[in-house]
Amino acid sequence: MNFNYSPYNDDYNADNNHYKVLFKPGQYVLREGQMLESPGLIKAGLAMVGQRGLDGEDKSLALLGRGYLIGVRSLVNDSSPFWVKALTGLTLCQPPKDKWGHASEAVIRDAL
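Residues numbered from 1 in each chain as written. Predicted model: local features only at pLDDT ≥ 70, side-chain atom pairs only at ≥ 80, totals over all residues. Heavy atoms only, no water.

*Asks:* Got a minute to help me understand the overall build of the protein in this structure?
*Replies:* For the protein, the count of helices and strands is one helix and nine strands. Shown N-terminal to C-terminal, the secondary structure of the protein runs as helices and strands in the order β-β-β-β-β-β-β-β-β-α. For the protein, the residues scored as buried account for 39% of the 112 residues in total. Excluding contacts between residues fewer than 6 apart, the proportion of contacts in the protein whose partners are at least 24 apart in sequence is 70%. Working note: accessible area of the protein is about 6,200 Å², and carbon and sulfur atoms make up 52% of it. (Helix = DSSP H or I, 4+ residues; strand = E, 2+ residues; numbered from the N terminus. Buried < 20%, exposed > 50% of the residue type's maximum accessible area, 1.4 Å probe, protein only. Contact = heavy atoms within 4.5 Å. Areas by Shrake-Rupley, 256 points an atom, 1.4 Å probe, with all protein chains shown as cover.)

*Asks:* What is the right way to look at the side chain of Thr91 in this model?
*Replies:* Following the sequence through the fold, Thr91 ends up in strand β9 (residues 90–94). Here Thr91 is in contact with Lys20, Val21, Leu22, Leu41, Ile42, Lys43 and Ala44, once residues within four sequence places are set aside.

*Asks:* How should I be thinking about the packing of aromatic side chains in this particular structure?
*Replies:* The geometry of two aromatic rings is summed up by the distance between their centres and the angle between their planes. Summed over the entire model, instances satisfying the criterion amount to one aromatic pair. Geometrically, the ring pair formed by Tyr28 and Trp83 is edge-to-face, given 6.2 Å between the ring centres and 85° between the ring planes. Linking Tyr28 in strand β3 (residues 28–30) with Trp83 in strand β8 (residues 83–86), this pair joins segments that are 55 residues apart in sequence. What makes Tyr28 buried here is its relative accessible area of 18%. Between the NZ or CZ atom of Lys85 and the centre of the ring of Trp83, over which it lies, the distance is 6.0 Å. (Phe/Tyr/Trp six-rings, centres within 6.5 Å; stacked < 30°, edge-to-face > 60°. Lys NZ or Arg CZ within 6 Å of the ring centre and 35° of its normal.)

*Asks:* How should I be thinking about the confidence of the model for the protein in this particular structure?
*Replies:* In low-pLDDT segments, the atomic positions of the prediction should not be examined closely. For the protein, per-residue confidence averages 77 on the pLDDT scale, and residues scoring 70 or more make up 69% of the total. A low-confidence stretch, residues 1–9 (pLDDT under 50), is modelled with 23 contacts involving residues beyond four sequence positions or located in other chains. (pLDDT = per-residue confidence, 0-100.)

*Asks:* What am I meant to see in the nonpolar core here?
*Replies:* The tendency in soluble globular proteins is for nonpolar side chains to be buried side by side. Counting 14 residues, the largest nonpolar core has Phe23, Val29, Leu64, Ile70, Val84, Leu90 and Leu92 as the members making the most contacts within it. Within the residue set of this core, elements represented by two or more residues are β2 (18–23), β3, β5 (47–52), β8 and β9. Beyond its immediate stretch of four places on either side in the chain, Val84 contacts Gln27, Tyr28, Val29, Leu30, Ala47, Met48, Val49, Leu64 and Ile70. (Core = buried A, V, L, I, M, F, W, Y, C linked by side-chain atoms within 4.5 Å.)

*Asks:* Would you mind going over a nonpolar patch on the surface with me for this structure?
*Replies:* Judged by side-chain polarity, Leu46, Leu63 and Leu87 come together as a nonpolar surface patch covering roughly 250 Å² of accessible area. Summarising the element assignment, Leu46 is placed in the loop between β4 (40–44) and β5. By relative accessible area, which is 35% here, Leu46 ends up partly exposed. (Patch = residues over 30% accessible without salt bridge, like charges linked within 9 Å, V, L, I, M, F, W, Y side chains within 5 Å. Salt bridge = Lys/Arg side-chain N within 4 Å of Asp/Glu carboxyl O.)

*Asks:* Sorry, what's going on with the pairing of β9 here?
*Replies:* Each regular strand carries side chains that alternate between the two faces of the sheet. Within β9, five of the five residues are buried, which leaves it mostly tucked inside the rest of the structure. Relative to β9, β4 runs antiparallel, the two sharing three bridges. Across the sheet, the residue bridging to Ile42 is Leu92, located in β9. (Pairing = 2+ DSSP bridges.)

Here is the structure:
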């Protein structure tokens, strides 16, 4: 199963050259050890970032909201040491990886 794109809705915005990916509450946006297709900005909603502790329990580290950038390690083909889970309905603006440099200004403008 591909956790990088939500089955909830993927909507490509050709004008701003990015996908708007929607996640339901409780759905993982990113799992520990995985990599997103490209970084994304949270446009709407709340997410929790966390990491599995040495005791095997998930530890919440921070609350993320509008304007937060997630998945930056994907630009250098590195997996995430953290998980990110939607707490509410979450909209993520995500340009294709090969267009990140060119599209980032439009994505940031649209997300904010």
